[in-house]
Amino acid sequence: MKQKLFDKFAELFGNSDGVNFYFSPGRVNLIGEHTDYNGGHVFPCALTLGTYGAARKREDRKIHFYSMNLDSFGVVEASLDDLTNKKEYNWANYPLGVVWAFAEKGHPISSGFDMVIWGNIPNGSGLSSSASLEVLTGVILSDLFDIKDLSMTDLALIGQYSENNFNGCNCGIMDQFAVAMGKKDHAIFLDTATLDYEYAPCVLDGAKIVITNSKVKHSLVDSAYNDRRNECAAALKALQTKLDIQSLGDLSIEEFEANKELISDEIQRKRAKHAVYENQRTITAVQALKDGKIEEFGKLMNQSHISLRDDYAVSCDEIDILVDLAWAIPGVLGSRITGGGFGGCTVSIVKDEAVDTFIETIGKAYAEKVGHEAEFYTVDIGDGASRLA
Ligand code: ADP
Ligand code: MG
């Protein structure tokens, strides 16, 4: 990959002398969905799928971005003197947003730069190619401009800040955190209220993580995401009339059950129920994994799906078909929707000997029912973003 990127870089910018090489992963969330903006826990891991970058400083104030995945956009040129989101920049608004966020957070960069990228994360499928690109840009800027006082957590926060405020997506911290802080063969147990985290070994004995891409993305996704955030905020407000809590993640299941009648709106009550139960489920699931009880971990993943489908209402027919098919296959320990919802991917834990059957059976049945093919990725857990040799 490095050679391909460097050849392209030389073709576009004269030569590849002094160019540096970087990688930033995608991520999959194993459990703890829609808890990250509710002050709860999440349990994502970085993937070996990701975004590669080649970059070099310039003498002037021009910034050039080129994606080998989106050749048709050519070289996107921006200027350090005009860090604003422009429609014609298209995908390059993600890396440009990070340049902007560096300046906003007191780390303006001193000159322009050239950057060529290529990635193998399916875009827009819930595996966080956008966070991967943001954190990649953060690592590149810190390295090229020798900015030493930003930790990887800071780069995650800057990535989130740019996605929220430059690109208008009100995402929580999970994606950028997982991408920045990933660790090979470990998942990250993150408390999104405090950013306290712990690495949990995730070498599944005799099983694999299989991601299935439904290849659908319903347009509801952005509006529903904002609706869910608002519904949870309203439910929290209702609970705060009596309880001294900062977020839904502060509640145990017992506390929620004893006080849920404070939420008079039935829909809001269901959303809050998901946020509370999913948070507790995540804590239980991580303990199960630590204890080597993968079967129990898988069952909790299944419960997570049911809760996201019925109480949080962020699944869709295609995803439910994938999950139902998976649940029917012997050797599937758990399967659920992952990511924001309304399409995208499922994540499943599948015993080694059942992986081929899983892909064949679901592949065939899904194509018959839905009319197009799903895609499957048997993934490994990799390290977070960094400069490579
Ligand atoms: P997700 O983060 O789930 O993959 P998003 O819609 O948040 O989906 O982000 C996808 C967008 O990120 C793409 O439409 C594109 O603008 C940008 N992007 C991600 N990876 C690349 C890449 N390799 N080249 C160009 N743009 C990319
Ligand atoms: Mg994204």
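Rules and cut-offs
- Residues numbered from 1 in each chain as written.
- Chains lettered and ligands numbered in written order.
- Predicted model: local features only at pLDDT ≥ 70, side-chain atom pairs only at ≥ 80, totals over all residues.
- UniProt positions renumbered as here; feature names shortened; annotations may be inferred.
- Helix = DSSP H or I, 4+ residues; strand = E, 2+ residues; numbered from the N terminus.
- Buried ≥ 20, exposed ≤ 12 C-beta atoms within 10 Å, placed from the backbone.
- Contact = placed C-beta atoms within 7 Å.
- Axes fitted to C-alpha atoms, helices over the stretch in contact; angles between N-to-C directions.
- Parallel < 35°, antiparallel > 145°, perpendicular 65-115°, else oblique.
- Left-handed = near helix turned anticlockwise from the far one by under 90°.
- Nonpolar A, V, L, I, M, F, W, Y, C, P; charged D, E, K, R; others polar.
- Pairing = 2+ DSSP bridges.

The name an unreviewed UniProt entry assigns to the chain is Galactokinase, from the organism [Ruminococcus] lactaris ATCC 29176. Under the heading Function (unreviewed entry), UniProt records this for the chain: "Catalyzes the transfer of the gamma-phosphate of ATP to D-galactose to form alpha-D-galactose-1-phosphate (Gal-1-P)." In its Sequence similarities (unreviewed entry) section, the UniProt entry covering the chain states "Belongs to the GHMP kinase family. GalK subfamily."

Q: Explain the environment of Gly-343 to me, please; I cannot follow it from the model alone.
A: On the secondary structure map, Gly-343 appears in strand β10 (residues 343-351). Judged by the 24 C-beta atoms lying within 10 Å of it, Gly-343 falls in the buried class. Between the C-alpha atom of Gly-343 and that of Leu-220, which follows or precedes it by 123 residues, the distance is 9.7 Å. Beyond its immediate stretch of four places on either side in the chain, Gly-343 contacts Ser-214, Val-216, Lys-217, His-218, Val-221, Cys-316, Glu-318 and Ile-319.

Q: Would you explain the packing of helix α3 (residues 129-144) against helix α5 (residues 174-181) in this entry?
A: When two helices pack together, their arrangement is given by the angle between their axes and by how far apart the axes lie. For the pair α3 and α5, the least separation of the axes is 9 Å and the interaxial angle reads 55 degrees. Here α3 lies oblique to α5, going by the angle between them. With respect to the hand of their crossing, α3 and α5 are arranged in right-handed fashion. Contact with α3, carried on its side by Ala-131, Ser-132, Glu-134 and Val-135, involves Asp-175, Gln-176, Val-179 and Ala-180 of α5 and no other residues of that element. Here the residues of the contact of α3 with α5 sort into 4 nonpolar, 2 polar and 2 charged.

Q: Explain the sheet that holds strand β9 (residues 332-338) here, please?
A: Through backbone hydrogen bonds, the strands of a sheet pair up, either in parallel or in antiparallel fashion. Strand order in the open sheet made by the 4 strands is β9-β10-β8-β11, with antiparallel pairing throughout. Single-partner strands in this sheet number two, and they are β9 and β11 (375-379). Adjacent strand axes in the sheet meet at a mean angle of 20 degrees, parallel and antiparallel pairs treated alike. Direction of pairing for strand β8 (residues 207-217) relative to β11: antiparallel, over a ladder of 5 bridges. Counterpart to Asn-213 in the pairing with β11 is Glu-375.

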